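As a plain string of letters, each chain reads:
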Amino acid sequence: MQIDLLLLKRMLLAIVVFMGITLPSQGQIPLTIDKAMEIAQENSPSLRRSYMNLERYKQNLIAQKASLKSRFSLNLNPLDYNKNRRFDNRLSQWYTNETLNSSGTFQIEQPILWTDGTISLINKFGWQDNNSILEGNKTSDRAFSNDLYLQLTQPIFTYNKRKMELKQIEYDYENADISYALQRLNTEKSITDQFYAVYMAQSNLEISREELINAQQSYDIIKNKVEADLAAKDELFQAELNLATARSSVDESLENAKDKLKQTLGMRLDEDILVFAEVDIKPIQVDLEQAITHGLGSRLELRQREIESKELEFEMIKTKALNEFKGDISLSFGLMGDNRHLNKMFNNPTQNPRVSISFTVPIFDWGEKRARIKAQKVAQQINELEFHEEKVDIELNIRQVWRSLENLRTQIKIAEQNVQNAQLTYDLNQTRYREGDITGMEMSQFQTQLSNKKITYTQALINYRIELLNLKILSLYDFDKNIPIVPMKDIIDKK
């Protein structure tokens, strides 16, 4: 009867532990690594910030392209009244002038991207009532007027500012797109690290609960022996201490790991989660040369360096344009008519052609332009050096992670064998403990050894998965699925 009760207690305790580990309690949110990434896409502060920055540059690009289309404008001046005393230089006499007019200007302006010029169609329409009094003599005029002309303005001997601005914004948008892609990869790495930290804490909790079951079993065994005068009471005291130690380790550090993961995912801290992961992975073969080649050909940071190089070229063009010789050409041709009657304004029109050419000629700048050009050349050389260092760092990091993966494959095999050995040792000594051949202190050491080997094995599997993710980020190639990740051509094709 006593044996049946002991067996029943063990079964009930095992069921409670199993249910507590495998089933989420009421209110708990079950999480897998894929589900965690989906939540991060919607709620992660860093990802949202990076996406909003991408959206900002996207709208800037849309606005810049819209500015290259025809612009229509209408300026109205419904009422303008003025009466003042003026001096006529031609007649050396003072006169009084009173003016009442109303006017409006309609304009169509079309920027020319390839030449940085602007062609405009302008129409000015107005009506005025003008009165002047000179030495008691009053003159007046009431008339409609309309000035319609086509105008071309074109800068010469200088760089195309409008085309450069468009290209600059396109580079900014592409750079923001790359930054968003990199942020997604970094967020995936951060979430993976924290996800498995929670999983590891849960695994430690499960192992602690297993220790609790084993400690309870050992305590029951020694208690029965003491009651039957088959063991000393100090063995019972040691068993009680082992049981208390096992209970104290339950739930330790798990909640802190959960809170950190919830913060990264953008979840409320008062929400409770339970993570599920499959860490029983099979190590795979990774081709080092393929990883290096794909990394050097696809890494987004290298494209960012290329963009920075293009932007430095733009800065050099602007620097060389300081105090430069440049000019402007303005051409316009149109018709102007005026008459007291609206329908007769163009009965006798006047042509009004206009040509204007102007130049800006620098003379001496005390060496400012030459010094700024040298400084810009140094900036370009620094960028080239950093580009080369970036490529070396990429290859170096890929090699290091690859070596780590190879080492972890060996460690996983060793850790797996250690768990099997520790389990066999524990089972063997459990029998010896029942027979009284070893003490509770020695049994506790075997239990601790088994727990540590299980933790080491689980940690080795997690480390391998994290390093495989690191290699995916470094090479932009998923060797687990054998597919490329965010290839460079995809970003370029979207532009």
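Basis of the calculations
Residues numbered from 1 in each chain as written. Predicted model: local features only at pLDDT ≥ 70, side-chain atom pairs only at ≥ 80, totals over all residues. Heavy atoms only, no water. Helix = DSSP H or I, 4+ residues; strand = E, 2+ residues; numbered from the N terminus. Expected span 1.5 Å × (residues − 1). Buried < 20%, exposed > 50% of the residue type's maximum accessible area, 1.4 Å probe, protein only. Patch = residues over 30% accessible without salt bridge, like charges linked within 9 Å, V, L, I, M, F, W, Y side chains within 5 Å. Areas by Shrake-Rupley, 256 points an atom, 1.4 Å probe, with all protein chains shown as cover. Salt bridge = Lys/Arg side-chain N within 4 Å of Asp/Glu carboxyl O. Lys, Arg positive; Asp, Glu negative; His and termini not counted. Charge placed at Lys NZ, Arg CZ, Asp CG, Glu CD. Pairing = 2+ DSSP bridges. Polar contact = N/O pair within 3.5 Å; in protein donor to acceptor, adjacent residues only side chain to side chain. Contact = heavy atoms within 4.5 Å. Axes fitted to C-alpha atoms, helices over the stretch in contact; angles between N-to-C directions. Parallel < 35°, antiparallel > 145°, perpendicular 65-115°, else oblique. Left-handed = near helix turned anticlockwise from the far one by under 90°. Nonpolar A, V, L, I, M, F, W, Y, C, P; charged D, E, K, R; others polar.

(A) Expanded view of helix 8 (residues 300-320). The terminal C-alpha atoms of helix 8 lie 30 Å apart, and with 21 residues this matches the ideal 30 Å at 1.5 Å per residue to within 8%. Taken as a whole, helix 8 has its buried residues at Leu300, Leu302, Arg303, Arg305, Ile307, Glu311, Leu312, Phe314, Met316 and Thr319.

(B) Representation of a positive patch on the surface in the model. On the surface, a cluster of positive charge is contributed by Lys320, Arg370, Lys374 and Lys377. A total of three residues in the positive patch trace back to one element, the largest contributor, which is helix 9 (residues 368-434). Note that Arg370 resides in helix 9.

(C) Fine view of the pairing of strand 4 (residues 117-134). Bridge count between strand 3 (residues 93-112) and strand 4: 17 bridges; the pairing is antiparallel. Directly across from Phe106, in strand 4, lies its bridge partner Asn123. Between strand 3 and strand 4, which pair antiparallel and follow one another directly, the connecting turn spans four residues, one of which, Asp116, has a positive phi of 65 degrees. As defined by bridge partners, strand 4 adjoins strand 5 (residues 137-156) across 17 bridges and the pair is classed as antiparallel. From the neighbouring strand, Asn123 faces strand 5, where its bridge partner is Leu148.

(D) Main features of the side chain of Asn146. Looking at where Asn146 falls in the secondary structure, it is placed in strand 5. Looking at Asn146, the relative accessible area reads 7%, which means it is buried. Here the side chain of Asn146 touches Asn123 through a polar contact of 2.8 Å, side chain to side chain. Once residues within four sequence positions are removed from consideration, Asn146 is found in contact with Asn123, Lys124, Phe125, Leu335, Met336, Gly337, Met345 and Phe346.

(E) View of a nonpolar patch on the surface. Together, Ile119, Leu121, Leu148, Leu150, Leu152, Phe157, Phe325, Leu331, Val355, Ile357, Phe359 and Val361 make up an exposed nonpolar region whose accessible area comes to about 1100 Å². Every element with two or more residues in the nonpolar patch is listed here: strand 4, strand 5 and strand 9 (354-360). Structurally, the position occupied by Phe157 is in the loop between strand 5 and helix 4 (161-227).

(F) How the structure looks around the packing of helix 2 (residues 33-43) against helix 3 (residues 45-66). Direction vectors running N to C along helix 2 and helix 3 enclose 50 degrees, while the axes themselves pass 6 Å from each other. Overall, the two elements helix 2 and helix 3 adopt an arrangement that is oblique. Classified by chirality, the crossing of helix 3 by helix 2 is right-handed. Of the residues in helix 3, those in contact with Ala40, Gln41, Glu42 and Asn43 of helix 2 are Pro45, Leu47 and Arg48. Looking at side-chain class alone, the contact of helix 2 with helix 3 contains three nonpolar, two polar and two charged residues.

(G) Inspection of the environment of Lys161 at higher detail. With respect to the helices and strands, the residue Lys161 is situated in helix 4. Note on Lys161: relative accessible area 39%, which makes it partly exposed. Residues Lys161 and Leu113 lie 48 residues apart in sequence; the distance between their C-alpha atoms is 9.2 Å.

(H) Representation of the side chain of Thr118 in the model. With respect to the element layout, Thr118 can be found in strand 4. For Thr118, a relative accessible area of 11% translates into the label buried.

Structural measurements only, silent on function.
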